[in-house]
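Here are the chains, one letter per residue:
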Amino acid sequence: MSDNNTNRNKRLLSVAPMMDWTDRHCRVFHRQITKHTWLYTEMVTTGALVYGDVERHLRYDDVEHPIALQLGGSDPADLAKSARLGEQWGYDEVNLNCGCPSERVQKGAFGACLMQEPQLVADCVKAMRDAVSIDVTVKHRIGIDHNEEYGFVRDFIGTIADAGCRTFIVHARNAVLKGLSPKENREIPPLRYEVAYQLKREFPELEIIINGGIKTDDDIATHLQHVDGVMIGREAYHNPYSMAGWDARFYGDATPVKSREQVLEAMIPYIRAELDRYGPLGLRLNSITRHMLGLMAGLPGARGYRQMLSDARRLAEGNPELLLEAAGRLRLAA
């Protein structure tokens, strides 16, 4: 459904918000591999912004654009205030989490359990849209517990679209709120991509983005025949270089692809600047390099690379040149 010439700055491809993973260091790293893919923050709760350290939660590097702030919350006023902060900090989009199934999130009455209250979600979306001029989007599941009726998710989207939301990121699995861990919720409920396809047919005027279990470029291309965009989660994190061909294939960008080693070289100035800014006590090298362990996935010598980047003694030295030394393990293996 997409034309390469009109895809720049569209949510054609995106990396999913993932707790403990897609922090600002991870996003800068991913941006070295793909220029056009949308990047999402970890979920930030409204409480963390209304009552906490705003800078700690919202700071990012300009290279990360286009970047979306994902919010967790269910109070329209707090969400409006948090969305306004996101816009002030320069985010390109604010996304409301209606898909996280964890019990901790349920206790806060947000995440996937919000799908049971579509009118409340509509009120939240309206409050955010009234507060900001950037896009307000919703990420959700296709059902709750064992309710697999298409009408449930269709009516959910219809109610929120009436509040002005134009973009829905559809994780094509149910969320089981009792009895499954968040990890199991990403694996056990069956994927039903056809539900997302049907939503796009029923709501052609809306932007429908599909998410869940998608791994290869050919998978992406297949989904793009049916929906407007594809969001990749764990595969982008564990095998980040799988994103290296996306700009050319899906965005029509002929810029030469960086080699894995060039990606590492590009990270060194960023790491130096971060270490200079926060010092070794305020920032550990491992907080950045941990996101880069999968860069050499599948290559001979990848294990030696990972071992070096996991060496506590070497990491404690705080020398980013360790990246290139680790890459040398692959050259030796080759």
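In the nomenclature of an unreviewed UniProt entry, the chain corresponds to tRNA-dihydrouridine(20/20a) synthase from the organism Massilia pinisoli. The UniProt entry for the chain carries the following text under Cofactor (unreviewed entry): "FMN".

The next point concerns the pattern of salt bridges. Throughout the structure, instances matching the rule amount to 18 salt bridges. One continuous salt-bridge network, built from bridges that share partners, spans R11, E93, D135 and E207.

Looking now at the packing of helix α7 (residues 150-162) against helix α9 (residues 193-202). The packing of two helices is summarised by the inter-axis angle and the distance between the axes. Contact geometry for α7 and α9: axes closest at 11 Å, N-to-C directions at 45°. With respect to α9, the axis of α7 lies oblique. Crossing geometry of α7 relative to α9 is assigned as right-handed. Residues Y150, V153, R154 and I157 of α7 touch α9, and the partners they reach there are V195, Q198, L199 and E202. Of the residues that constitute the contact of α7 with α9, the class distribution is five nonpolar, one polar and two charged.

Those places that UniProt annotates as "site: Interacts with tRNA" (unreviewed entry) correspond, in this numbering, to N97, K183, R186, R303 and R306. In terms of the greatest pairwise C-alpha distance, the residues named above, spread along 210 residues, do not form a single cluster, extending to 35.6 Å across. Cross-referencing the annotated residues with the largest pocket identifies N97 and R186 as lining it. Examined against the element boundaries, N97 turns out to sit in strand β5 (residues 93-98). Excluding residues within four positions of it along the chain, N97 makes contact with M43, Q70, L71, G111, L114 and K139. Structurally, the position occupied by K183 is in helix α8 (residues 182-185).

Conventions adopted
- Residues numbered from 1 in each chain as written.
- Predicted model: local features only at pLDDT ≥ 70, side-chain atom pairs only at ≥ 80, totals over all residues.
- Heavy atoms only, no water.
- UniProt positions renumbered as here; feature names shortened; annotations may be inferred.
- Salt bridge = Lys/Arg side-chain N within 4 Å of Asp/Glu carboxyl O.
- Axes fitted to C-alpha atoms, helices over the stretch in contact; angles between N-to-C directions.
- Helix = DSSP H or I, 4+ residues; strand = E, 2+ residues; numbered from the N terminus.
- Parallel < 35°, antiparallel > 145°, perpendicular 65-115°, else oblique.
- Left-handed = near helix turned anticlockwise from the far one by under 90°.
- Contact = heavy atoms within 4.5 Å.
- Nonpolar A, V, L, I, M, F, W, Y, C, P; charged D, E, K, R; others polar.
- 1 Å grid on protein atoms, 1.4 Å probe; cavity = no way out; pocket = protein on both sides within 12 Å on 5 of 7 lines; lining within 4 Å.

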